Amino acid sequence: MSILLTGRFDAGERDEWLALLRAELPGETFVLEPGETVDIAVVANPPAGALQGLPRLALIQSLWAGVDKLLADASIPAQIPIARMVDPAMNEAMAETALWAVLSLQRDFFDYARQQAAASWQPHPQRRADELPVLVLGRGQMGTTVARRLAANGFHVVAWGSRDGPLHARLADAAVVINLLPLTPATRGIFDAATLAAMRPGASLVNLARGAHVVDAALLAALDAGHLRHAVLDVFHQEPLPREHRYWSHPKVTLLPHVAAATDARSAAAVAAANLKRFRAGAPLEHLVNRARGY
Ligand code: GLV
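Source: prediction; values computed, not measured.

**Notes on the packing of helix 1 (residues 13-24) against helix 9 (residues 265-280)**
Relative orientation of the contacting elements helix 1 and helix 9 amounts to 45°, with a least axis distance of 9 Å. In terms of axis orientation, helix 1 runs oblique to helix 9. In the packing of helix 1 onto helix 9, the handedness of the crossing is right-handed. Counted together, Glu16, Trp17, Leu20, Leu21 and Glu24 of helix 1 and Ala265, Arg266, Ala268, Ala269, Ala270, Ala272, Ala273 and Lys277 of helix 9 form the full contact between these two elements. Of the residues that constitute the contact of helix 1 with helix 9, the class distribution is nine nonpolar, no polar and four charged.

**What to know about the sheet that holds strand 9 (residues 203-207)**
What the six strands build is an open sheet, ordered 7-6-8-9-10-11; its pairing is parallel. Single-partner strands in this sheet number two, and they are strand 7 (157-160) and strand 11 (253-255). On average, each strand axis in the sheet is inclined to that of its neighbour by 15°, with strand direction left out of account. Here strand 10 (residues 228-233) pairs with strand 11 via three bridges, running parallel. Residue pairing for strand 11: leucine 233 is matched across the bridge by leucine 255. Those strands touched by helix 5 (residues 141-152) are strand 6 (134-137), strand 7 and strand 8 (176-179), and its axis lies near 165° from that of strand 6.

**Looking at the site of the ligand**
Around the ligand, the surrounding shell consists of Trp64, Ala65, Gly66, Met90, Arg210 and His258. In this structure, an oxygen atom belonging to the ligand sits 2.7 Å away from a main-chain N or O atom of glycine 66. A distance of 2.6 Å is found between an oxygen atom of the ligand and a side-chain nitrogen or oxygen belonging to histidine 258. Burial of the ligand by the protein chains amounts to 89% of its free accessible area of 190 Å². Split by residue class, the shell around the ligand holds three nonpolar, two polar and one charged.

**A few points about the pattern of salt bridges**
Per the counting criterion, the structure on display carries 13 salt bridges. Here arginine 246 makes a salt bridge to aspartate 224, at a shortest N to O gap of 3.0 Å. Here arginine 246 is found in the loop between strand 10 and strand 11, whereas its partner aspartate 224 is found in helix 8 (residues 216-224), with 22 residues between them in sequence. Here aspartate 224 falls in the partly exposed class, since its relative accessible area comes to 44%.

**Describing helix 1**
Taking 1.5 Å per residue as the helical rise, helix 1 with its 12 residues ought to reach 16 Å, and the 17 Å between its terminal C-alpha atoms agrees with that figure. Within helix 1, burial applies to Trp17, Leu18 and Leu21. With its buried residues spanning 100° around the axis, helix 1 presents them on a single face. Away from its buried face, by an angle of more than 90 degrees, helix 1 presents the exposed residues Asp15 and Ala23. On its buried face, helix 1 is in contact with strand 1 (2-7), strand 2 (30-31), strand 3 (38-44) and helix 9.

**So, unusual backbone geometry**
Residue glutamate 239 is joined to proline 240 through a cis peptide bond whose omega torsion reads -5°. With respect to the helices, strands and loops of the structure, proline 240 is situated in the loop between strand 10 and strand 11. Of note, the phi angle at alanine 119 is positive, near 50°, even though the residue is not glycine. Note that alanine 119 resides in the loop between helix 4 (109-117) and strand 6. Exposure remark for alanine 119: the relative accessible area of 74% places this residue in the exposed category. Positioned with a positive phi, histidine 258 is a non-glycine residue whose angle comes to about 50°. Relative to the elements of secondary structure, histidine 258 occurs in the loop between strand 11 and helix 9. Residue class for histidine 258 comes out partly exposed when judged on its relative accessible area of 26%.

**A short note on the environment of valine 157**
Relative to the helices and strands, valine 157 resides in strand 7. Taking C-alpha positions, valine 157 is 18 Å from glycine 202, a pair spaced 45 residues apart along the chain. Excluding residues within four positions of it along the chain, valine 157 makes contact with Val134, Val136, Ala147, Leu150 and Ala151.

**Regarding the packing of aromatic side chains**
Taken as a whole and assessed by the stated rule, the structure comprises two aromatic pairs. Seen from their ring centres, tryptophan 100 and phenylalanine 110 are 5.5 Å apart, and the 85° between their planes marks the pair as edge-to-face. Residue tryptophan 100 is located in helix 3 (residues 88-106), and its partner phenylalanine 110 is located in helix 4; the two are separated by 10 residues in the primary sequence. When the centroid spacing of 6.0 Å and the interplanar angle of 55° are considered together, the rings of phenylalanine 236 and tyrosine 247 count as tilted. Residue phenylalanine 236 is located in the loop between strand 10 and strand 11, and its partner tyrosine 247 is located in the loop between strand 10 and strand 11; the two are separated by 11 residues in the primary sequence. What makes phenylalanine 236 buried here is its relative accessible area of 8%. Tyrosine 247 gets classed as buried once you look at its relative accessible area, which sits at 1%. Over the aromatic face of tyrosine 295 sits the side chain of arginine 293, whose NZ or CZ is 4.1 Å from the ring centroid.

So, how was this worked out
- Residues numbered from 1 in each chain as written.
- Predicted model: local features only at pLDDT ≥ 70, side-chain atom pairs only at ≥ 80, totals over all residues.
- Heavy atoms only, no water.
- Axes fitted to C-alpha atoms, helices over the stretch in contact; angles between N-to-C directions.
- Helix = DSSP H or I, 4+ residues; strand = E, 2+ residues; numbered from the N terminus.
- Parallel < 35°, antiparallel > 145°, perpendicular 65-115°, else oblique.
- Left-handed = near helix turned anticlockwise from the far one by under 90°.
- Contact = heavy atoms within 4.5 Å.
- Nonpolar A, V, L, I, M, F, W, Y, C, P; charged D, E, K, R; others polar.
- Pairing = 2+ DSSP bridges.
- Near = heavy atom within 4 Å.
- Polar contact = N/O pair within 3.5 Å; in protein donor to acceptor, adjacent residues only side chain to side chain.
- Areas by Shrake-Rupley, 256 points an atom, 1.4 Å probe, with all protein chains shown as cover.
- Salt bridge = Lys/Arg side-chain N within 4 Å of Asp/Glu carboxyl O.
- Buried < 20%, exposed > 50% of the residue type's maximum accessible area, 1.4 Å probe, protein only.
- Expected span 1.5 Å × (residues − 1).
- Arc of directions from axis to C-beta.
- Phe/Tyr/Trp six-rings, centres within 6.5 Å; stacked < 30°, edge-to-face > 60°.
- Lys NZ or Arg CZ within 6 Å of the ring centre and 35° of its normal.

This is the structure in C-alpha cells:
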C-alpha cells in the first residue's frame, strides 16, 4: 500500500510536504504518480481527473480547506471518503487577512493608497472600530476564528450561517460583509445583483472564500453605480485572474492572488498524518466531507 501526494504546488512546496509527511509517517511509502498500490491520496487542489488509475483508492485527504473542486470531479467515485484540511495556523492566517481588510476599510487605508498614486494629500475623518458593523458569512472553523479576531479588535460582529434564516435581512446592517462560506450548489453565485442590492449603500464586500460565490458583472455594476464602496477579493472564477479582467485596474477593488490563508505545511502535515494514522488503525476519521451537504 502506498500514499500518493499530488496536486498543484508552488515551487519547492511538494518536497516540503513530502519531507514533513515522511517524518510523521516513517512506515509509509509515498509516491508521486498514480499506481496500483495507492490506497490513500493526499491532494492539494488537483486538476480534475488526477485521481484516475487508482484501483485501490480508499481515502482522499485534502491539504486544502475547500473541497469544491474535488466534489465536482466526476472521475472520483462518490463512495470514497474525502477529508478536508482543518489547520489552526490557516485559520489564524485567514483572521489576519480579514483583520487587515476590515481595518483598512475602517481607517480608509485603501483610499490613502489610491491617493498616494495621485500625490493627493487628503485626510479623512477617523472612525472607531465599533462604527463599522461587520457581517461574517460562514460559521465554520474559519468564520468563527475571523469573527473572534474582529470582535477582539473592537468591531461589532454578527455571524451568519446557512441555517440562520434568510441572508438578505442581515445584510442591511453591515458596513462590511466578509464571505467565508463553502462553495456548494446553494452558495454558488450567492453575491448576485439582488444580494448586492440588499447590502447597505456604501458597504464593502470582502471575498476570501471562492470566486464562484460572486457574479462578477453584478459586483462591478454595484461598484460602478456607487452602491458599494469597495471590494477586497482574494479568489476568482478563473485563477490566475486573466490580465484583461477589469478587477485588476478597478479603483474600488483591492485584490490578492489567492493568498488570504494558505495551508501551513508546518502544522498541517501533522493534521493530515493524524488522520492517515486513524485510517490505518480503522479508527473514525476527522473532518470528513458530507457530499450531500457539499463540504
Ligand atoms: C484555499 O482556498 C483552501 O481551500 O485551502
